[in-house]
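# Tertiary structure, described
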Amino acid sequence: GAKGFLRMGNALLYRCELDPVLRELAIIRVGRLSRAAYEVFQHERIAREVGVAEEKIAALRDATIEAAVFTDNEKAVLRYADDVVRNVKASDKTLKAVQAIMTPGALVELTLTIGYYMMVSRFLETMGVEGEGWQVNVQADGDPEQAFDEAVRLLTEAGFSADENGSAAGMMTA
C-alpha cells in the first residue's frame, strides 16, 4: 500500500550508495519528461540541497542534457534516464556507459529510482496532486511545455516547500 510506496521512496533518497547529485539529476529529468511540474519543483529544491549547481538545474529546464555544464558522468546518467523513460529498456550503448561509471549496486539503485519516479510522476499527474490545499491552474494556449514551465514557476514563486521526509508543507512524494 501507500506506506510501502513511501518507504521505498525514502530508501531511494536516503539509504543508497548512488551519488545524490546523479540521483537528483535523473529524478528531475524523469519529472521533466513526464511533465510532472510538482515533482520537478520539489526535486529542484532537493538538488540544490545536495549540491547541484543552479546552471545544471537551468540546463535541465531547457532540456539540454548535452550542455557543457554537465560532466561526462552526468551526461551518461541523463542519457540513461532518457532511454529508460522513453524506451523502457536502455540500449546496450547507454547501459554500458553507466556501467562504466558506477558499481552494480548503484546502477540498480539508479534504475529503481528512474522507475520509481516515473510512477510518482504518473500518480501525481493522474490524481491531480499538486500540493496540500493548493493547485496550479495554468492556461498556456494549448502548449504543454509552456504550461509545465509556468506551473513550476508558480510553485516556486509561491514558496512551496517540503521537509526532508517529504511531508508537511505539501510534498506527497518521498
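First, a word on scope: everything that follows refers to the structure included in this document. (Residues numbered from 1 in each chain as written. Predicted model: local features only at pLDDT ≥ 70, side-chain atom pairs only at ≥ 80, totals over all residues. Heavy atoms only, no water.)

Across its full length, the protein holds 8 helices and 0 strands. Taken from the N to the C terminus, the helices and strands of the protein come in the order α-α-α-α-α-α-α-α. Per-residue burial over the protein gives 47% buried out of 174 residues. Within the protein, contacts between residues separated by at least 24 positions form 66% of all contacts whose residues are at least 6 apart in sequence. As displayed, the protein has an accessible area near 8,800 Å², and 53% of this comes from carbon and sulfur atoms. (Helix = DSSP H or I, 4+ residues; strand = E, 2+ residues; numbered from the N terminus. Buried < 20%, exposed > 50% of the residue type's maximum accessible area, 1.4 Å probe, protein only. Contact = heavy atoms within 4.5 Å. Areas by Shrake-Rupley, 256 points an atom, 1.4 Å probe, with all protein chains shown as cover.)

Another point: the packing of helix α1 (residues 2-14) against helix α7 (residues 104-127). At a minimum axis separation of 10 Å, α1 and α7 run at an interaxial angle of 135°. Accordingly, the angle class assigned to the pair α1 and α7 is oblique. The two elements α1 and α7 cross, and the hand of that crossing is left-handed. Of the residues in α7, those in contact with Phe 5, Leu 6, Met 8, Gly 9, Leu 12 and Leu 13 of α1 are Glu 109, Leu 112, Thr 113, Tyr 116, Tyr 117, Met 119 and Val 120. Of the residues that constitute the contact of α1 with α7, the class distribution is 10 nonpolar, 2 polar and 1 charged. (Axes fitted to C-alpha atoms, helices over the stretch in contact; angles between N-to-C directions. Parallel < 35°, antiparallel > 145°, perpendicular 65-115°, else oblique. Left-handed = near helix turned anticlockwise from the far one by under 90°. Nonpolar A, V, L, I, M, F, W, Y, C, P; charged D, E, K, R; others polar.)

Let us look at the packing of helix α5 (residues 72-87) against α7. When two helices pack together, you describe them by how their axes are tilted relative to each other and by the distance separating the axes. At a closest axis distance of 10 Å, the pairing of α5 and α7 adopts a crossing angle of 50°. Relative to α7, α5 is oriented oblique. When the axes of α5 and α7 are compared, the crossing they make is right-handed. Along the contact surface, α5 presents Val 77, Tyr 80, Ala 81, Val 84 and Val 85, while α7 presents Leu 107, Leu 110, Thr 111, Ile 114 and Met 118. Each residue belonging to the contact of α5 with α7 can be placed in one class, and the counts come to 9 nonpolar, 1 polar and no charged.

Next up on the list: the pattern of salt bridges. Evaluation of the coordinates by the stated rule reveals 9 salt bridges. Between Glu 24 and Arg 23 there is a salt bridge, with its nearest N and O atoms 2.8 Å apart. There is no split in this pair, since Glu 24 and Arg 23 are both buried. Taking the shortest distance from any N to any O, the salt bridge between Arg 61 and Glu 44 comes out at 2.9 Å. One end of the pair, Arg 61, is in helix α4 (residues 54-61); the other, Glu 44, is in helix α3 (residues 37-49), and 17 residues separate them in sequence. (Salt bridge = Lys/Arg side-chain N within 4 Å of Asp/Glu carboxyl O.)

Treat this as a map of the structure, not an account of what it does.
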